[in-house]
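Fold and contact review
Now for the letters of each chain:
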Amino acid sequence: MTERETWASRVGFVLAAVGSAVGLGNIWQFPFKTGQFGGASFLVVYLAAAVGIGLPAMLAEFAVGRRAKRNTIDAFGALGGRQWKVVGALGLGIGFWILSYYSVVGGWVIRYLVASPTGTYFGDAAGYFSAVSAGTDALVAHAVFMALVVGVVALGVENGIERATKVMVPSVLLILAGLAAFAFTLDGAGAGYAYFLSPDLSALRTNLWDIVPFAVGQAFFSLSLGMGAMVTYASYVDGEDSLVADAGSIVVLNTFVGVLAGLAVFPLLFAQGIDPNTSGPGAVFVSTAGAFAALPAGRLLGTLFFAVVLIAALSSAISLLEVVVSYVVDNTGVGRLPAAGTIGGALFLLGVPSALSTAWLGWFDTLAYKLLLPLSVLAILLFVGWVLGREALSEVVHGSDLGRRFGAVWLWTVRVVVFAAVLGTLALGLQTLFVGGAIVPPV
């Protein structure tokens, strides 16, 4: 077996994990899921889910990864027996599923980034998206994005992933902050802030059960939970670091980036009179492209915006590919470069339907949100809460100043509160999948 790599520094791990979390889920999906589900009403539920469900669940994944110091499949097998490897395999498979269509969206970002300096999409934002989002162009861009991801992962944990994310994450924060500051100066920005930050409590009560599955799914997606990524990244962590402090930092930074994206996007939309209640995977591209076309320095703003989206997309995609590469490198004599290249090729093939049709991409994404991610997180909570139990408790409090009393509260929260919340979310998601017929793939 190849000697297992480790992070060169604690900061490197935190930034890599933040990079995994801060991706298209924050900048592509978060503002427009917020728009689809009532603005600030969605934000309230999402924030509650991120802190109340996402943070305890992230600690559960960290405990498994650092305790076992193995890839996601072997970690569950080593700690719970061969029968529990299925939990790790489920996470690995879901990460593979998500990355296949995520890479297609990453390809769209590349096309928009290249087109922004010349304003190619300014004349007809919707028409441009239709032209590049499906077909041969989308397929080629999908291949380019996947090649970039493969290149970083092939370089390894320290020389590839850690070095890349140390540049990527601060870049995302700086560029988004600059865009948000610019958006603050626009006429009509106040309406955008009111929509995003002032919840309508009556609407929240009326639509709560429609909002919950998407808000919790958004928390899982944006925090990279249930995909094997956090288990894998934690397996490279030194045993003396505080998992509680690291998980808290990651959740706070990730949530901050999502909110910052909303502070940039919604004022841009309202300043141009664009309805944020849009749907479909192309919403962020069509709406922001239309906004940039009408703004001063729109070409520069478009270039900056899609640059930050690309950086965020790459940082998340890197973590998902690393989950599969880690398993192959740990269990075979295959090196990182051929493993990353072969797996990247398989991901490209699985992503072909999504590249040829946005309907297929939407189907892949809906199943991930409503079924796959809640199911995977539920299995992890069951394992950590009732199988690993006190070992997980010891791992969570080790390296921190918190005692076993905190660990006991966390463990019972995982066993009862978080488990029940995720189970309810899964039930709501399944109901909408089967009642609405969304479980059936497009034809």
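Structural notes, computed from the coordinates. For clarity, every value in this text was computed on a predicted model and none was experimentally measured.

Examining the packing of helix α5 (residues 85–115) against helix α6 (residues 125–132)
For the pair α5 and α6, interaxial distance at closest approach is 11 Å and the crossing angle is 130 degrees. In this view, α5 runs oblique relative to α6, as classed from their interaxial angle. Handedness of the α5/α6 crossing: right-handed. Residue-level contacts link W108, R111, Y112 and A115 of α5 to A125, Y128, F129 and V132 of α6.

Considerations on the packing of aromatic side chains
The description of two aromatic rings rests on the distance between their centres and on the angle between their planes. Here the structure, examined in full by the defined rule, presents 27 aromatic pairs. Considering the side-chain rings of Y112 and F285, the 5.0 Å spacing of their centres and the 45 degrees angle between planes classify their relative orientation as tilted. With Y112 in helix α5 and F285 in helix α13 (residues 283–294), the pair connects residues that are 173 residues apart, well separated along the chain. This pair shows no difference in class: Y112 is buried, exactly as F285 is. Chaining the aromatic ring pairs together yields one cluster made of W108, Y112, Y121, F122, Y128, F129, F285, F292, F305 and F306. Over the ring of W386 we find R415; its NZ or CZ atom is 4.4 Å from the centre of that ring.

With respect to a nonpolar patch on the surface
A grouping of L382, W386, V387, W412, V416 and V417 is seen on the molecular surface, where their side chains present a nonpolar patch of about 570 Å² in accessible area. Within the fold, W412 resides in helix α19 (residues 404–435).

Re the environment of L208
As for its placement among the helices and strands, L208 is situated in helix α10 (residues 201–222). On the basis of relative accessibility, which here comes to 27%, the residue L208 falls in the partly exposed class. For the pair formed by L208 and V45, sequence separation is 163 residues and the distance between their alpha carbons is 8.3 Å.

Here we look at the nonpolar core
Among the nonpolar cores identified, the biggest contains 152 residues, and I98 and F285 are the most heavily contacted of them. The element best represented in this core is helix α14 (residues 298–331), accounting for 18 residues. The contacts of I98, once residues within four sequence positions are left out, are F221, M227, L320, A368 and L373.

A word on the pattern of salt bridges
In this structure the tally under the stated criterion is six salt bridges. Between E395 and R66 there is a salt bridge, with its nearest N and O atoms 2.6 Å apart. Of the two residues, E395 sits in helix α18 (residues 390–397) while R66 sits in helix α3 (residues 40–68), which places them 329 residues apart along the sequence. Across the salt bridge formed by R336 and E322, the nearest N and O atoms sit 2.7 Å from each other. Here R336, found in helix α15 (residues 336–350), pairs with E322, found in helix α14; they are 14 residues apart in sequence, far enough to count as distant. Pair check on accessibility: R336 and E322 agree, each one buried. Residues joined in a network through salt bridges with shared partners are R66, R67, E391 and E395.

Cut-offs and rules
- Residue positions are counted from 1 within each chain, in the order its sequence is given.
- Only residues with pLDDT of at least 70 are given local features in this predicted model, and only at 80 or more are side-chain atom pairs given and counted; all residues enter the totals for whole chains, interfaces and linings.
- To obtain the side-chain values, all non-hydrogen atoms of the structure were used and water was disregarded.
- Comment: axis = line fitted to C-alpha atoms, over the contacting stretch for helices; angle = value between 0 and 180 degrees taken between N-to-C directions.
- A helix here means a DSSP run of H or I that spans at least four residues, while a strand means a run of E at least two residues long, and both kinds are numbered starting from the N terminus.
- Working rule for angles: under 35 degrees goes down as roughly parallel, over 145 as roughly antiparallel, 65 to 115 as roughly perpendicular, anything else as oblique.
- Crossing handedness follows the turn of the near helix against the far one: under a right angle anticlockwise gives a left-handed crossing, and clockwise gives a right-handed one.
- Note on contacts: a residue pair qualifies if any of its non-hydrogen atoms lie within 4.5 Å across the two residues.
- When two rings of Phe, Tyr or Trp (its six-membered ring) have centres within 6.5 Å they constitute a pair, described as stacked for plane angles under 30 degrees, edge-to-face for angles over 60, and tilted for the intermediate range.
- Exposure is judged per residue with a 1.4 Å probe applied to protein chains only, and the accessible area is read against the type maximum: over 50% gives exposed, under 20% gives buried, and values in between give partly exposed.
- Placement of a positive charge over a ring is assigned whenever Lys NZ or Arg CZ falls within 6 Å of the ring centre and within 35 degrees of the normal to the ring plane.
- What goes into a patch is any residue over 30% in relative accessible area without a salt bridge, connected to like charges within 9 Å or, for nonpolar side chains (Val, Leu, Ile, Met, Phe, Trp, Tyr), within 5 Å.
- Only the protein chains shown count as cover for residues, and all accessible areas are computed by the Shrake-Rupley method using a 1.4 Å probe.
- By definition here, a salt bridge exists when the distance from a side-chain nitrogen of Lys or Arg to a carboxyl oxygen of Asp or Glu is within 4 Å.
- What makes a nonpolar core is a set of buried Ala, Val, Leu, Ile, Met, Phe, Trp, Tyr and Cys residues whose side-chain atoms join them at distances within 4.5 Å.

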